[in-house]
2 protein chains.
Amino acid sequence: MSLFIRISIAVSMLAFAFAWWLNNWVKKIPSSNKRIAQVGGWIREGATTFLRREYSVLAKFAGVIAVIIFLFLPKPVWNNGITQNLHMALAYIAGTVFSAVAGVIGMRVATIANVKSAEAATKGIKPSFMAAFRGGAVMGMAVVGATLLGVSLVMQITGETSTLLGFSFGASSLALFAKAGGGIFTKTADISADLVGKVEMGIPEDDPRNPAVIADNVGDNVGDVAGMGADLFDSNVASMSAALVIAATLDAAAGGTDTINQAVVFCYAAAGLLASIIGVMLARMGKKGPTAALNNSTYVTTLVYAALTAAATHAFGFSWRIWCACVIGLAVGVIIGIASDYFTDDTKPPVHKVAKASAAGPAFTILSGISYGFISALPALVGIAAASLAAYNICLPLGKEYAMFGIAMAAVGMLSIVGMIISNDAYGPIVDNARGLAEMGNLGDDVLEITDQLDSAGNTVKAVTKGFAVAAAGLTVIALLGAFVSEVNEKVVELGLGVERLISGFNIMDPTVFFGMLIGAAVPAVFSAMLILGVDKNAQRMVSEIHRQFREIKGLKEGKAGVVPEYGKCIEIATNGAIKELIPAGLFTILITLAVGFIGGVQAIGGFLAGNIVTGLLLALFMSNSGGLWDNAKKYVEAGHEGGKGSPAHKAAVVGDTVGDPFKDTAGPSINTQITVVSLISSLAATLFLTTSLFR
Amino acid sequence: MSLFIRISIAVSMLAFAFAWWLNNWVKKIPSSNKRIAQVGGWIREGATTFLRREYSVLAKFAGVIAVIIFLFLPKPVWNNGITQNLHMALAYIAGTVFSAVAGVIGMRVATIANVKSAEAATKGIKPSFMAAFRGGAVMGMAVVGATLLGVSLVMQITGETSTLLGFSFGASSLALFAKAGGGIFTKTADISADLVGKVEMGIPEDDPRNPAVIADNVGDNVGDVAGMGADLFDSNVASMSAALVIAATLDAAAGGTDTINQAVVFCYAAAGLLASIIGVMLARMGKKGPTAALNNSTYVTTLVYAALTAAATHAFGFSWRIWCACVIGLAVGVIIGIASDYFTDDTKPPVHKVAKASAAGPAFTILSGISYGFISALPALVGIAAASLAAYNICLPLGKEYAMFGIAMAAVGMLSIVGMIISNDAYGPIVDNARGLAEMGNLGDDVLEITDQLDSAGNTVKAVTKGFAVAAAGLTVIALLGAFVSEVNEKVVELGLGVERLISGFNIMDPTVFFGMLIGAAVPAVFSAMLILGVDKNAQRMVSEIHRQFREIKGLKEGKAGVVPEYGKCIEIATNGAIKELIPAGLFTILITLAVGFIGGVQAIGGFLAGNIVTGLLLALFMSNSGGLWDNAKKYVEAGHEGGKGSPAHKAAVVGDTVGDPFKDTAGPSINTQITVVSLISSLAATLFLTTSLFR
């Protein structure tokens, strides 16, 4: 295995080198517009300030958790000796640090690429596209490079898969807060800016008179770039960790020093990163426009990945069944992405029907959007169900334990091209920012048309990548459930609890399991409600601040030359509010998991995780897709349908869009992370739940 | 046991006699206002027409299902001989007929009691209350009497619990369509009437100029009376059937002719009906107003029930542990009702916060309402989880099989006072109608104030009874899952499939189970989306019709004397639309269950049912409570808060109320029935899934 770990470390270094090259490529794009430079500077500064504040709070939080981990995990330190607990605590800290660093790198480049993309748009759509895409790709490379490097180092140094779960938990717990915090920040700013600017005063989006406009652009970066990066870093680490935990059990069962199953995981993950590098390098915008360019680069990466892993499977004598499971995961990921696209694409019936329903008033916008959102979950859930069933059955001839490994490898396969997915995803907020900068820098209507076109491609691709991310999280957590069983059984043996405590799963008919399942099912709903209420409260604060500025700053409303709103105040409100509101939701998630574990033991936790996964996936898909659908329905109406801008249908569509904002950018994508966090806590605390629980 | 069956039949006869007495009591209340008589006649006629149309479609549907059942269930008739299949088909038909008859009886009395209650209001609030309450109680008695009679007769005649599941499926399949159809009808009419009348034209609710006003009042009867009655008949039969299926297994295992476990079920169910009769008889409105009167009668019934069953347990030597399980179920039901009340009561924070958020626009009404709805699911789910865990563990010392029986008895306990619950619930639409009649009959402001007060009590109590209904359905379906396992094992033995096919449950780690679980989780979401879209489409049709009438009928808008809108047209649209839209949602539910069973076999079905239960309960609670919350937030604003009527907050609150209408009265309560239906289909088709499935 150590060969493959070394290969993985080498490939991750290549990714960092490529990121560095992309970074310099973007930086070298000429820019000269002073106004844009100034506004771009404000955005960068705001984003940096937020991240610094957020990370300093999270550092304290992580410090406390690290101490708790050191004291109690995997076993109380006084029973276990220092080494293992220290490894665990350090791995946890490393997970948080890697996540934070990847987020900061991505965010810094994004806040340069936005300026470059805006100015490049004066030269045409292609240079503007390339600036944004390659800026986004830096994030993609940084995240996947960090995943591979981190996982490799932990395994190289400790050789313990339990410690790997500590690393993964570090990544997850940071992601939980980064995603939720960034999501609250971005939607607070977005909603408030729109509500006062567009709805009340009728001034255009990104109008520099609007005190929340900089906060809005900062939000795109901290929510959609840094938050999303942390989210996918988390999923990626979790899928590798789950696969490695199961692989280690298999390797141990096979006896001896053969570690072929762990080798497969590293090899396929490294191949995914290589494929993403190739995909990013080859990406160009052709005649078919930016959407096709983004989607084509995904398809190219997929094919390259399938070919590379096939070659590796042949060369190293891996099992073709495992390869099949991996490719099935990838294929289903792409299919689910396409299905999500159907429900949010403005050329497809759902968007048209919601736009039409809007003519009857906002209640119908909401009702139809919620309905299509609910329906949109079906194909994705069927896809995940079918993928896991297929992966399992394909690997079943290798043995029952290999069948669960097959599911884990399907998750690895689905996440293999995550480097490419993040590049596409980070492209979105960069061009969104570029559009704002072009508006504020008065670059003219031709340039705005170009940035609008790029922005629209970003929105369309976002739906695909979000469907993909949810599906990947789904398979990952199924695999994590498998990892949980492996962990529990390992601990049972270690603690000498007796064979009768070994578990082969969780029986739904056991009311302890059912008890956990019902409570687990409620968690994603409550968690997302808390985030949405957070946005709601915070937006109310910011709206009052915007009103105050328009009232008190003379000449602002009229756009008098030289009168500048106090952008910083709005950024501060968004920052403080986000940090204040994210803590309760995160704590609720962690504490209820511990409560269920200490009441019902590992059986209740098994049910809890299952309930959490099913409703979590359902709600994540529903919220992401409804949100995207409302966003595009509004744009569709604005493009002149159902009465166009200013019509009653438009007003109703704006209500839908506002409801959809925290759905798709705060709650929906945070649920992914919430699911992963509870899965990892459960695995880490397996020993405690085994030895200390009320009911068994 | 046959003693207890005879007692049950006697008690059910007593209930029918009491219903007859109540019916005559209501009919004897004097009424003289011709205008009210005329409008009341229209409502009665509209409701009768709808039910006739609906039942004639459902009769054909039930006929087809009965033939299918005869041919295939429990086993293909050519392998099984005629008797058992014929019993099953006839029991199915009996289930549909009993449900329909109970619905018709309740609905007929309700459409008399509304007139009586309206006129009695001229004499004061107490007579008006009594007319409405006793009118509603007829429905309560009819439904519970029919349950006890039907179940007793099936057991007396066939002695087969499998056949009982056929009867239960008859009740369920009719309820599925009656609830969904009635729900679509009532909300189509309600939304359309409000949208054109209140929002566009600013005329009061129940203004006779509004062409949809009669349809709206008809809707209250067909949706909230007949539909709700079918729903609770279904839950009640299902809970008794599940308990009897498990009891029969226990009795058979105990050997000999002892049938004490089945006797307990009949005895406790009969006690519940007796308690409800006493509760209804004692109900009077005191100084504390109508809400307290309704709630007190529930509490009285609960106490009487606990006492009666304790006496029976002592007298007949039943196990006190089973009694405890039963009482726990009842207590938790009441607690969950109270928790639901917290989220929808207009004196509690959630309603105030949603009203406050409305001042910032409709998007915030929606976001905050959805959030509190999500949160409201937590206490109920924890309650159900705790009740089932407690019931199980209390009965565990009797043996593991008795533990599952304990859960079934908790469900029976929760549903024991359903006669009282229905009386309270049917009271709501009757006073709602009475309010409309008082308005249309020009009975004056004093009378309207009384009917408003009664109506408001109806809304408050509705939240409690809905929480109760969902909780009861939750425990019932857990018990049905147990019944499914009993059925499968019975069939395995019968078919001689070998001991290795016997099941002790469903392992979440088995991907076939997980496959079913993910798909089952999506079903309630898609089902409710289809119903909501049905309301949406149908309301659009009706809105155009209302516009047409105001445009084409001269003098209507101005309220010229003698000009009457074409009420019948609106009733026709609501009727046709409801019947058209309910079919696909119902078929989808049935077909996807069969698809999962034939693909993945009984293991996949186990997962499917579990997934279905958890998301079904979550969504049912969320939708019912959000809907009630928005309704009351609107009323709270109308009472003068946050700017009062006509303010922006009011407009936003109206949007929330409109979104909430199909949530709380169409989709939410239909999910209960949807869950029961799939559970019953699964049990009935157990043999087919065992012998004919793709994966095992």
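Keep in mind that what you see is a predicted model, and the values were worked out from it rather than measured. (Residues numbered from 1 in each chain as written. Chains lettered and ligands numbered in written order. Predicted model: local features only at pLDDT ≥ 70, side-chain atom pairs only at ≥ 80, totals over all residues.)

Asks: Can you help me understand the overall build of chain A in this one?
Replies: The helix and strand inventory of chain A stands at 19 helices and zero strands. What you see for chain A is a C-alpha radius of gyration of 24 Å, in line with the 26 Å of a compact globule of 696 residues. Dimensions of chain A along its principal axes, counting C-alpha atoms only, are 80 × 50 × 45 Å. Looking at the 696 residues of chain A, the share that counts as buried comes to 68%. (Helix = DSSP H or I, 4+ residues; strand = E, 2+ residues; numbered from the N terminus. Rg over C-alpha atoms; globule rule 2.2 N^0.38 Å. Buried ≥ 20, exposed ≤ 12 C-beta atoms within 10 Å, placed from the backbone.)

Asks: Where do I start with the nonpolar core in this structure?
Replies: Leu 381 of chain A together with Leu 381 of chain B are the most contacted members of the largest nonpolar core, which has 561 residues in total. Among all residues touching Leu 381 of chain A, those that are not within four sequence positions of it are Leu 617 and Leu 618 of chain A together with Leu 518, Ile 519, Ala 521 and Ala 522 of chain B. (Core = buried A, V, L, I, M, F, W, Y, C linked by C-beta atoms within 7 Å. Contact = placed C-beta atoms within 7 Å.)

Asks: Would you explain the interface of chain B and chain A in this entry?
Replies: Reports often express the size of an interface as the amount of accessible area lost when the parts come together. Opposite the 63 residues of chain B that make contact, chain A presents 64 residues. If you list the elements that add at least two residues to the side of chain B that touches chain A, you get helix H12 (362-395), helix H15 (445-495), helix H16 (511-552), helix H17 (567-638) and helix H18 (648-684) of chain B. A per-class count over the side of chain B that touches chain A returns 46 nonpolar, 15 polar and two charged. (Nonpolar A, V, L, I, M, F, W, Y, C, P; charged D, E, K, R; others polar.)

Asks: Hey, could you run me through the environment of Thr 676 of chain B in this one?
Replies: Residues and elements named next belong to chain B. By secondary structure assignment, the location of Thr 676 is in helix H18. Residue Thr 676 is classed as buried on the basis of its C-beta count, with 29 C-beta atoms lying within 10 Å. The sequence separation of Thr 676 and Ala 118 amounts to 558 residues, and the corresponding C-alpha distance is 37 Å. Beyond its immediate stretch of four places on either side in the chain, Thr 676 contacts Ser 172, Asp 234, Ser 235, Ala 238, Ala 473, Thr 476 and Val 477.

Asks: What exactly am I supposed to notice about helix H5 (residues 125-158) of chain B here?
Replies: Every α-helical turn comprises 3.6 residues, leaving residues that sit three or four positions apart pointing alike. Residue and element names in this part refer to chain B. An ideal rise of 1.5 Å per residue puts 50 Å on 34 residues; H5 measures up with 49 Å between its terminal C-alpha atoms. Extensive coverage of H5 is indicated by the burial of 26 of its 34 residues. Positive phi shows up at Gly 159, right after H5, with a value of about 65°. (Expected span 1.5 Å × (residues − 1).)

Asks: What exactly am I supposed to notice about helix H8 (residues 260-282) of chain A here?
Replies: The end-to-end C-alpha distance of H8 of chain A, which contains 23 residues, comes to 32 Å, matching closely the 33 Å that a straight helix rising 1.5 Å per residue would cover. With 18 of 23 residues buried, H8 of chain A lies mostly within the body of the structure.

Asks: Honestly, the relation of the copies chain B and chain A in this entry has me stumped. Any pointers?
Replies: Superposition record for chain B on chain A: RMSD 0.0 Å, screw rotation 180°, translation along axis 0.0 Å. The transformation relating the two chain copies, once decomposed into turn and shift, fits a two-fold axis. For chain B, the smallest separation between a C-alpha atom and the rotation axis is recorded for Asn 507 of chain B, amounting to 2.2 Å. Looking at chain B, 100% of its interface residues are interface residues in chain A too, so the copies touch through the same face. (Least-squares fit on C-alpha atoms with pLDDT ≥ 70 in both.)

Asks: Where do I start with the packing of helix H5 (residues 125-158) of chain A against helix H6 (residues 161-201) of chain A in this structure?
Replies: When two helices pack together, their arrangement is captured by the angle between the axes and the distance separating the axes. Residues and elements named next belong to chain A. Relative orientation of the contacting elements H5 and H6 amounts to 145°, with a least axis distance of 9 Å. Read as a crossing pair, H5 and H6 show a hand that is right-handed. Each of Gly 150, Val 151, Val 154, Met 155 and Thr 158 in H5 lies in contact with H6, whose residues at this interface are Thr 163, Leu 164 and Phe 167. Each residue belonging to the contact of H5 with H6 can be placed in one class, and the counts come to five nonpolar, three polar and no charged. (Axes fitted to C-alpha atoms, helices over the stretch in contact; angles between N-to-C directions. Left-handed = near helix turned anticlockwise from the far one by under 90°.)

Asks: Teacher, can you tell me more about the environment of Arg 209 of chain A here?
Replies: Residue and element names in this part refer to chain A. Relative to the helices and strands, Arg 209 resides in the loop between H6 and helix H7 (213-254). The spacing of Arg 209 and Ala 37 is 172 residues in sequence and 17 Å in space, taken between C-alpha atoms. Every residue in contact with Arg 209, bar those within four places of it in the chain, is listed here: Ile 203, Leu 556, Gly 559 and Pro 565.

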